Amino acid sequence: MHPKQPKPLRDDPTLDEVRAYLAPLLASQAAFDGWNEDAVAAAAKQARVDGDIARLAFNDGPVDMIDAWFQSVDETMVAKYSAEELGAMKIRERITVLVVARLEILEPDREGLRRALALLAVPPNLRTAAKLGWRAADKMWRLAGDTATDYNHYTKRTLLSAVYGSTISVFLDDESDGHAETKAFLDRRIENVMQFEKVKAKLTKPGGDRFSMARFIGRLRYRGA
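Residues numbered from 1 in each chain as written. Predicted model: local features only at pLDDT ≥ 70, side-chain atom pairs only at ≥ 80, totals over all residues. Heavy atoms only, no water.

Topic: a nonpolar patch on the surface
- The grouping of Leu15, Ile53 and Leu56 at the surface amounts to a nonpolar patch, some 240 Å² of accessible area in total.
- With respect to the element layout, Leu15 can be found in helix 1 (residues 15–33). (Patch = residues over 30% accessible without salt bridge, like charges linked within 9 Å, V, L, I, M, F, W, Y side chains within 5 Å. Areas by Shrake-Rupley, 256 points an atom, 1.4 Å probe, with all protein chains shown as cover. Salt bridge = Lys/Arg side-chain N within 4 Å of Asp/Glu carboxyl O. Helix = DSSP H or I, 4+ residues; strand = E, 2+ residues; numbered from the N terminus.)

Structure follows, in structure tokens:
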């Protein structure tokens, strides 16, 4: 069994079960074949799943395949740490270890990830790309124990989406030992987000400087900032 693959399929699986079973295998196949039916067929062959059933499970095209893979990354990340382990950490550490956990899950499939991001960068897919980034950020904040439902709910996820996206761009080309460059970049971006809590007070302080979310997010993208 592939190390990231769920428990074996039952004898008469649903298409959703087939989808979840094959999703962790797709990126390694897409690295060679691209995000297409060939990758689905190769994953099905590797997992000994009927090819016709596999195609039905992924009949909505490449973006649907990427979506399924990212969902499998979510699930693997959730299993990485227990609630007790995360609860013993400070909030900054929780977010950091969850982002690093995602990077560790993605590490064997960096080429598949590179191809996936290239597809998501095509204009018709930009809305889906933003949705997937938001979903990853939401999952991490929920695991970190965030229960905000007000303005904070949206700002936290918007900022973490930017942090995660910019960190991925560094990670894809990072050949340093243990991805030290990526981790250093992530630490700086997390520090920026922690500083946001102080800056946010200017939003409600009468006569305070006007805060620009767009300008702040733009700063998160640069390595040296």
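A word on the packing of helix 1 against helix 4 (residues 62–78)
- Look at helix 1 against helix 4: their axes get within 8 Å of each other, and the N-to-C directions meet at 95 degrees. Between helix 1 and helix 4, the angle is such that the two are roughly perpendicular. Contact with helix 1, carried on its side by Arg19, Ala23, Pro24, Leu26 and Ala27, involves Asp64, Met65, Asp67, Ala68, Trp69, Gln71 and Ser72 of helix 4 and no other residues of that element.
- Classifying every residue of the contact of helix 1 with helix 4 by side-chain character gives seven nonpolar, two polar and three charged. (Axes fitted to C-alpha atoms, helices over the stretch in contact; angles between N-to-C directions. Parallel < 35°, antiparallel > 145°, perpendicular 65-115°, else oblique. Contact = heavy atoms within 4.5 Å. Nonpolar A, V, L, I, M, F, W, Y, C, P; charged D, E, K, R; others polar.)

Observations regarding helix 6 (residues 91–106)
- Over its 16 residues, helix 6 extends 23 Å from the first C-alpha to the last, a length consistent with the 22 Å expected when each residue adds 1.5 Å.
- Summarising burial for helix 6: twelve of the 16 residues are buried, a large majority.
- For helix 6, every residue scored as buried is listed here: Arg94, Ile95, Thr96, Val97, Leu98, Val99, Val100, Ala101, Arg102, Leu103, Ile105 and Leu106. (Expected span 1.5 Å × (residues − 1). Buried < 20%, exposed > 50% of the residue type's maximum accessible area, 1.4 Å probe, protein only.)

Here we look at the packing of aromatic side chains
- This model, assessed by the stated rule, comprises three aromatic pairs.
- Ring geometry for Trp35 against Trp69: centres 5.7 Å apart, planes inclined by 40 degrees, an arrangement best described as tilted. On the criterion of sequence distance, the pair formed by Trp35 in the loop between helix 1 and helix 2 (37–47) and Trp69 in helix 4 is long-range, its members being 34 residues apart.
- Since its relative accessible area comes to 5%, Trp35 is described here as buried.
- You can call Trp69 buried: its relative accessible area is 1%.
- Taken together, the aromatic side chains of Trp35, Trp69 and Phe70 make up a single cluster linked through ring pairs.
- The ring of Phe171 has Arg110 sitting right over it, with the charged end atom 5.4 Å from the ring centre. (Phe/Tyr/Trp six-rings, centres within 6.5 Å; stacked < 30°, edge-to-face > 60°. Lys NZ or Arg CZ within 6 Å of the ring centre and 35° of its normal.)

Keep in mind that these numbers describe shape and distance, not what the molecule does.
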